[in-house]
Amino acid sequence: MQVTKTVVLKLKKSDQSIPKTMERYTKGMNFASKVVYENGEPMSSTKLQELTYKHLREDIGLLSQMSCNVARQVSGTYKTLQEQVENGKTEWQKSEFSPTNIKFSYGRDYKISKEKLSISTLDGRKEYEIINYDYAEQYFSEEWKYLASELVKHRDGEYYFHLSCEKEVEEKPIEEASNFMGIDVGINYLAVGTTTDKNQAFLGGGKAKDLRNTYEKMRKRLQSKGTFSAYKRLKALSGKEKRLMEQLNHEVSKEIVEFAKEEGVDVIGMEDLTDMREETKVRKENRYNHDSWAFRQLQKFIEYKAIERGIRVEYVDPENTSKTCSRCGHISRNNRDGLDFVCEECGYELHADLNGARNIEHRVRDFRHDLESQGSRQPPDVDGVEATSATASRGAEPQTSS
Ligand SMILES: [Zn+2]
């Protein structure tokens with residue numbers, strides 16, 4: 001399976017060559033756009049190149065490669081437009097481009113390393129230093145192939161390189177999967193994961209809660225003031241809290257996917273929180289409007305990091321995952337005692353989040369079995385899988401009190 005990714009990198013410093021090139025490039029785009037528009041229907045990039053190349057080179061003064069990129073890009077834009085016209089979503093119309101983006105082809109008019117971007121400008125080949133973020137480091141390994149990418153002027157007035165890259169990952173067909181992991185996202189631990197072999201990881205414990213409490217206090221204080229400047233500071237504060245939360249989510253997702261990789265997990269299951277039900281994630285006293293987006297963000301981060309490493313991700317029905325006993329299947333609200341899960345039926349005790357994660361793991365495993373019973377494929381040693389989960393209990397149970 002092909003994974004593609006856009007990595008946004010900021011240029012340390014730009015110069016006049018960039019806006020100048022963008023300006024001219026856009027002029028070329030708009031010229032080519034007019035040609036296709038007047039044609040009344042899309043045309044191939046080869047045809048468009050034939051019709052525009054001379055003008056783009058000689059009158060507008062674009063470089064040869066840029067002129068080809070213009071034709072390809074504009075031709076693509078109108079093909080997309082045509083599809084939308086056919087779906088009745090819009091009408092045939094002229095596309096206008098503004099000088100905020102310019103596309104480069106890898107190897108032909110851009111090259112990139114961890115530190116430097118080299119691009120063709122109207123003033124010749126130029127090198128720009130880039131700010132390489134920690135998370136972006138991984139995209140500079142050999143397994144990634146670079147694609148046509150864009151230099152973009154953001155609204156802050158700075159220039160960013162949107163590096164598109166792809167790599168081939170081998171994803172096991174779900175029918176052949178034998179090791180599953182359920183991940184429960186929540187406020188006590190940001191993520192609790194448990195595998196079919198019952199090996200488990202508790203990650204981000206307390207951190208999200210601390211962050212939330214700190215900001216909650218500051219928020220309350222500012223809210224009680226009720227002045228305009230307090231309101232402005234409140235907004236800034238929520239932006240900052242969001243960024244810190246996002247950072248935490250990045251760290252935790254990275255760790256849990258690494259754990260899954262070490263454990264040889266084939267499929268990760270998580271709860272489908274798209275219509276989060278009342279009883280699922282956020283208990284009333286914990287209700288906090290930031291929780292739901294933060295959980296979903298964490299899941300998204302886990303999802304894309306997992307896919308990049310060849311681990312499949314499935315979402316399962318979240319109903320009763322926190323109220324069901326992961327040993328005997330008994331469902332009751334009374335099974336919960338704060339952070340502890342104590343089954344009123346069979347007496348099984350464990351950390352409530354771990355119990356949730358186990359139920360998610362069961363569900364994603366069942367999902368695999370459902371696919372098998374629906375499909376024509378021969379189930380590969382289902383018995384082996386069942387035996388593993390019934391007999392193995394290697395990982396140590398965590399302390400239920402915290
Ligand atoms: Zn039970």
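Residues numbered from 1 in each chain as written. Predicted model: local features only at pLDDT ≥ 70, side-chain atom pairs only at ≥ 80, totals over all residues. Heavy atoms only, no water.

Engineer: How would you sum up the sheet that holds strand β16 (residues 349–351)? Please name residues and give values.
Structural biologist: Across the sheet, which stays open at both edges, the three strands sit in the order β14-β15-β16 with antiparallel pairing between neighbours. Across the chains shown, the open sheet's two edge strands, defined by having one partner strand only, are β14 (336–337) and β16. Where β14 and strand β15 (residues 340–342) come together, two bridges link them in antiparallel fashion. Looking across to β15, one finds that D337 is bridged to D340. (Pairing = 2+ DSSP bridges. Helix = DSSP H or I, 4+ residues; strand = E, 2+ residues; numbered from the N terminus.)

Engineer: Explain unusual backbone geometry residue by residue, including any values.
Structural biologist: The backbone phi angle of K198 is positive, close to 65°, even though this residue is not glycine. Checked against the element boundaries, K198 lands in the loop between β10 (191–195) and β11 (200–203). Residue classification places K198 among the buried residues on the basis of a relative accessible area of 19%. Here N320, not a glycine, exhibits a phi torsion of approximately 65°, which is positive. (Buried < 20%, exposed > 50% of the residue type's maximum accessible area, 1.4 Å probe, protein only.)

Engineer: Outline the confidence of the model for the protein, supporting the account with residue identities and numerical values.
Structural biologist: Predicted confidence across the protein gives a mean pLDDT of 86, with 88% of residues reaching 70 or more. Considering each helix and strand of the protein separately, the mean pLDDT is smallest for helix α8 (residues 382–391), with a value of 33, and largest for helix α1 (residues 17–39), with 97. In this model residues 376–402 is a low-confidence stretch, pLDDT under 50, and it forms 46 contacts with partners more than four residues away in sequence or in other chains. (pLDDT = per-residue confidence, 0-100. Contact = heavy atoms within 4.5 Å.)

Engineer: Pulling in residues and values, what's your account of the packing of α1 against helix α3 (residues 64–86)?
Structural biologist: Direction vectors running N to C along α1 and α3 enclose 50°, while the axes themselves pass 9 Å from each other. By the criterion of interaxial angle, the relationship of α1 to α3 is oblique. Crossing angle aside, the handedness with which α1 passes α3 is right-handed. Counted together, T21, Y25, G28, M29, A32, S33, V36 and Y37 of α1 and M66, N69, V70, Q73, V74 and Y78 of α3 form the full contact between these two elements. For the contact of α1 with α3, the class distribution of residues is nine nonpolar, five polar and no charged. (Axes fitted to C-alpha atoms, helices over the stretch in contact; angles between N-to-C directions. Parallel < 35°, antiparallel > 145°, perpendicular 65-115°, else oblique. Left-handed = near helix turned anticlockwise from the far one by under 90°. Nonpolar A, V, L, I, M, F, W, Y, C, P; charged D, E, K, R; others polar.)

Engineer: Describe the coordination of the zinc ion, and please don't skip the residues or the numbers.
Structural biologist: Summarising the metal site, the zinc ion is bound by the protein donors C325 (SG), C328 (SG), C343 (SG) and C346 (SG), whose distances to it range over 2.3 Å. Its four donor atoms give the zinc ion angles of 107 to 113° at the centre, a pattern that matches the tetrahedral case. Mapping the donors of the zinc ion onto the primary sequence gives the spacing C-x2-C-x14-C-x2-C. Residue C328 is located in the loop between β13 (312–316) and β14, and its partner C343 is located in the loop between β15 and β16; the two are separated by 15 residues in the primary sequence. (Donors = N, O, S within 2.8 Å, 3.2 Å for Na, K, Ca; no water. Tetrahedral: all angles 85-135°; square planar, octahedral: opposite > 155°, others 65-115°.)

Engineer: Let's hear about the sheet that holds β13: which residues, and what values?
Structural biologist: Strand order in the open sheet made by the five strands is β11-β10-β9-β12-β13, with mixed pairing throughout. Either end of the sheet is taken by a strand with one partner, and the two such strands are β11 and β13. Averaged over all pairs of adjacent strands, the angle between strand axes in this sheet comes to 20°, irrespective of strand direction. When strand β9 (residues 180–185) meets strand β12 (residues 267–271), the two strands line up parallel, connected through four bridges. Looking across to β12, one finds that G182 is bridged to G269. Along the sheet face, helix α5 (residues 228–262) touches β9, β10, β11 and β12 and points at about 5° away from the line of β10.

Engineer: Mind laying out the packing of aromatic side chains, listing which residues take part and the relevant values?
Structural biologist: One pass over the full model with this rule turns up nine aromatic pairs. Aromatic pair Y106 and Y110: ring centres 5.2 Å apart, planes at 65°, arrangement edge-to-face. Under the relative-accessibility criterion, Y106 is labelled partly exposed at 39%. Aromatic pair F301 and Y304: ring centres 6.0 Å apart, planes at 70°, arrangement edge-to-face. Here the residue F301 and the residue Y304 both occupy positions in helix α6 (residues 289–308), the gap between them amounting to three residues, near one helical turn. The buried category is assigned to F301, whose relative accessible area is 9%. Grouping aromatic residues by their ring pairs yields a cluster made of Y106, Y110, F140, Y146 and F161. Over the ring of Y304 we find K5; its NZ or CZ atom is 3.9 Å from the centre of that ring. (Phe/Tyr/Trp six-rings, centres within 6.5 Å; stacked < 30°, edge-to-face > 60°. Lys NZ or Arg CZ within 6 Å of the ring centre and 35° of its normal.)

Engineer: Run through empty space enclosed by the protein, naming residues and quoting values.
Structural biologist: Counted under the stated rule, the structure contains two cavities of 30 Å³ or more. Estimated volume of the second largest cavity: approximately 30 Å³. In terms of lining residues, the second largest cavity is bounded by S17, I18, T21, M22, I102, F104, I119, S120, T121 and L151. Elements supplying a minimum of two residues to the lining of the second largest cavity: α1, β2 (101–104) and β4 (116–121). Looking at the lining of the second largest cavity element by element, the count peaks at four residues for α1. Here the lining of the second largest cavity is composed, by residue class, of six nonpolar, four polar and no charged. (1 Å grid on protein atoms, 1.4 Å probe; cavity = no way out; pocket = protein on both sides within 12 Å on 5 of 7 lines; lining within 4 Å. Points joined across faces, edges and corners; volume = space filled by probe spheres on them.)

Engineer: Run through helix α4 (residues 207–225), naming residues and quoting values.
Structural biologist: Taking 1.5 Å as the rise per residue, α4 with 19 residues should run 27 Å; its terminal C-alpha atoms sit 28 Å apart, in good agreement. Residues of α4 that are buried: A208, L211, R212, Y215, R219 and L222. Burial along α4 is one-sided: seen end-on, the buried residues are contained in an arc of 100°. The exposed set on the far side of α4, more than 90 degrees from its buried face, consists of D210, K217, K220, R221 and S224. Of the residues flanking the end of α4, it is G226, one or two places downstream, whose phi is positive at about 70°. (Expected span 1.5 Å × (residues − 1). Arc of directions from axis to C-beta.)

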